[in-house]
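Close look at the chain arrangement
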Amino acid sequence: MSWDHLISWALEGGPAPVELTDDKVARIAIAEEQLRHAGRSGAVYGLTTGVGALRHVPRPEPTPDDGSSPGLRLWRSHASGVGTTYDDATARAGMAIRLHQITSGRSGVSSGLASSLGAAIASGAVPDLHQSGSIGTGDLVPLAELALTLLGERPWRSGSAPIAQVDDADALPFISSNAMTLARAALVHHRMVNLSVAAEKVAALSIAALRGSLEPFDPRVHARRPDASQQRVAARIFAYLEGADWEQARIQDPLALRTIPQVHAPFVDALSTLVESVLIEVNDPTENPMVGDDGRPVHHGGFMTARLSATLDALRQASYPVLSLSAARLSHLLNPSLTGLPAFLASGPPDSSGLMVLEYVAQDALARCRLLTSPVSTGNLSISLGLEEHASFSTQAAWACEWLVEMAQTVLACELVAAVRALRMSRDRLTGVPLEDLYDRAAAVLMEERADRSLTPDIAAGVDLVERGLGG
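As a starting point, this report considers the structure included with it. Just so it is clear, the model here is predicted, and its values are computed rather than measured.

This part takes up the state of the cysteines. On inspection of all chains with the given rule, the structure shows zero disulfides. Between cysteine 369, a free cysteine, and cysteine 401, which holds the nearest cysteine sulfur, the sulfur-to-sulfur gap is 11 Å. Judged by relative accessible area, cysteine 369 falls into the buried class, the value being 0%.

Glancing now at the packing of helix H15 (residues 356-372) against helix H16 (residues 394-424). Between H15 and H16, the shortest axis-to-axis distance is 9 Å and the interhelical angle comes to 155°. In terms of orientation, H15 and H16 fall into the roughly antiparallel class. Crossing angle aside, the handedness with which H15 passes H16 is left-handed. On H16, the residues touching Leu358, Val361, Ala362, Ala365, Leu366, Arg368, Cys369 and Leu372 of H15 are Trp399, Ala400, Trp403, Leu404, Met407, Ala408, Thr410, Val411, Cys414, Val417 and Ala418. Here the contact of H15 with H16 is built from residues that sort into 17 nonpolar, one polar and one charged.

The next point concerns the side chain of threonine 181. Relative to the elements of secondary structure, threonine 181 occurs in helix H8 (residues 179-209). Residue threonine 181 is classed as buried on the basis of its relative accessible area of 0%. Within the structure, threonine 181 has its side chain in polar contact with the side chain of aspartate 139 (distance 2.8 Å).

Time to look at the pattern of salt bridges. With the rule as written, the count across this model stands at 23 salt bridges. Between glutamate 415 and arginine 329 there is a salt bridge, with the nearest N and O atoms lying 2.6 Å from each other. Of the two residues, glutamate 415 is situated in helix H16 and arginine 329 in helix H13 (residues 306-333); the sequence distance between them amounts to 86 residues. Look at glutamate 415 and you get buried, because its relative accessible area is 0%. By relative accessible area, which is 0% here, arginine 329 ends up buried. The partner of aspartate 464 in a salt bridge is arginine 468, and the shortest N-O contact between them spans 2.8 Å.

Our next topic: the side chain of glutamate 32. Mapped onto the elements, glutamate 32 comes out in helix H2 (residues 22-41). We note that glutamate 32 is buried and unpaired, the nearest opposite charge coming from arginine 36 at a distance of 4.1 Å. If near-sequence neighbours (up to four positions away) are discounted, glutamate 32 is found in contact with Gly108, Val109, Ser110 and Ser111.

For the pair helix H3 (residues 70-78) and helix H6 (residues 140-151), interaxial distance at closest approach is 8 Å and the crossing angle is 125°. Comparing the axis directions of H3 and H6 gives the class oblique. Remark: the crossing between H3 and H6 carries left-handed chirality. Side by side, H3 and H6 meet where Leu72, Trp75, Arg76 and His78 of the first sit next to Leu140, Val141, Ala144, Ala147, Leu148 and Leu151 of the second. Residue classes in the contact of H3 with H6 are distributed as eight nonpolar, one polar and one charged.

Cut-offs and rules
- Residues numbered from 1 in each chain as written.
- Predicted model: local features only at pLDDT ≥ 70, side-chain atom pairs only at ≥ 80, totals over all residues.
- Heavy atoms only, no water.
- Disulfide = S-S within 2.5 Å.
- Buried < 20%, exposed > 50% of the residue type's maximum accessible area, 1.4 Å probe, protein only.
- Axes fitted to C-alpha atoms, helices over the stretch in contact; angles between N-to-C directions.
- Helix = DSSP H or I, 4+ residues; strand = E, 2+ residues; numbered from the N terminus.
- Parallel < 35°, antiparallel > 145°, perpendicular 65-115°, else oblique.
- Left-handed = near helix turned anticlockwise from the far one by under 90°.
- Contact = heavy atoms within 4.5 Å.
- Nonpolar A, V, L, I, M, F, W, Y, C, P; charged D, E, K, R; others polar.
- Polar contact = N/O pair within 3.5 Å; in protein donor to acceptor, adjacent residues only side chain to side chain.
- Salt bridge = Lys/Arg side-chain N within 4 Å of Asp/Glu carboxyl O.
- Lys, Arg positive; Asp, Glu negative; His and termini not counted.

Right, dumping it as structure tokens:
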């Protein structure tokens, strides 16, 4: 499955990133028969037994037409979500990931259920799935809700699909996946890439506003260091400001200006690592039990998304120093000894506050980001009568990334508002600099009025620009 195709389809629609070909249906049917044959020949977890602590309890034979087959009872009992539901993009991406995993022919999910899921994806139908109940060992609650939606017991949020023809043996294989958590991680990665891009552009605007030195970004500083990400960050900042003819204000700038390549590089690397971690899980289905190449069920712990959880924790931690630098640059932009402009970039009577409050807004958001950098992968638990005594909590790690993005956008937006105002007051600092187009784009949506007033519209417009990586 193509990463870019998955993201663009989830957000914008178009041709689905996965479809059921004849070869894939044949592969699914083979695994389906192999799992059922194994169940007729001996004990298979979740097929001939209960699940969790009930792994030793024999599963009764289904009674026709009584509406309470073991498979339906499992789905119904696990479809117990509460609170917030997934947005359309995440729900769609999760469905696509789950179908892609099923097509590997290792789950034992029936071709009838897979076909219904494929039809829903192709038609653009969106289910209503709760975000609760996942702890990084399988998205049991939302996937049980998806199964019942395909079965016609739960309504679609939008669209519809043919009611699935399911086998009682579908119950555990279908929900034995982290597809929703993976979808969430993939989409938050998309947002954090835009955040990273925006952070570099906003930093470059601040350097111009502060008449900073370009020496920290000079290729000679980074050429011999075996750190490709640091080199690329420095090169991008240098390219934004190349040709600047302002008189350098200081022999050496504050750290928030001259350590950008060193601080941003780990964040860039963490973003790349997250893609690798998600794709490992997407392309290596971890249903338990797994139908092996010899057709025998293999019981295992591959559903433990420890790598994903650790990667998401590391990503949040790598993002925080980037935001801390942004907040520091905001303070510098309001300091007349560094800008040569009025304090707080104010206009009017001497006691005018100007952009003073931006520091408070940014530091509040930064403090919340700091709370969200705490690792979730260090958690522990004991559930299902003590049988399951560990979880990765990758779902919570992805959730924390989503909330961090919300706060991070505010931090960068505050810096952007201040940088644009400072450059409005000293427009000559951008003359002939490639960054001029970016400034014009931001200035077009940020209010020019400098008299004391509410800055809420400016911050909101800045957040929107940051969300889009300051794109048009």
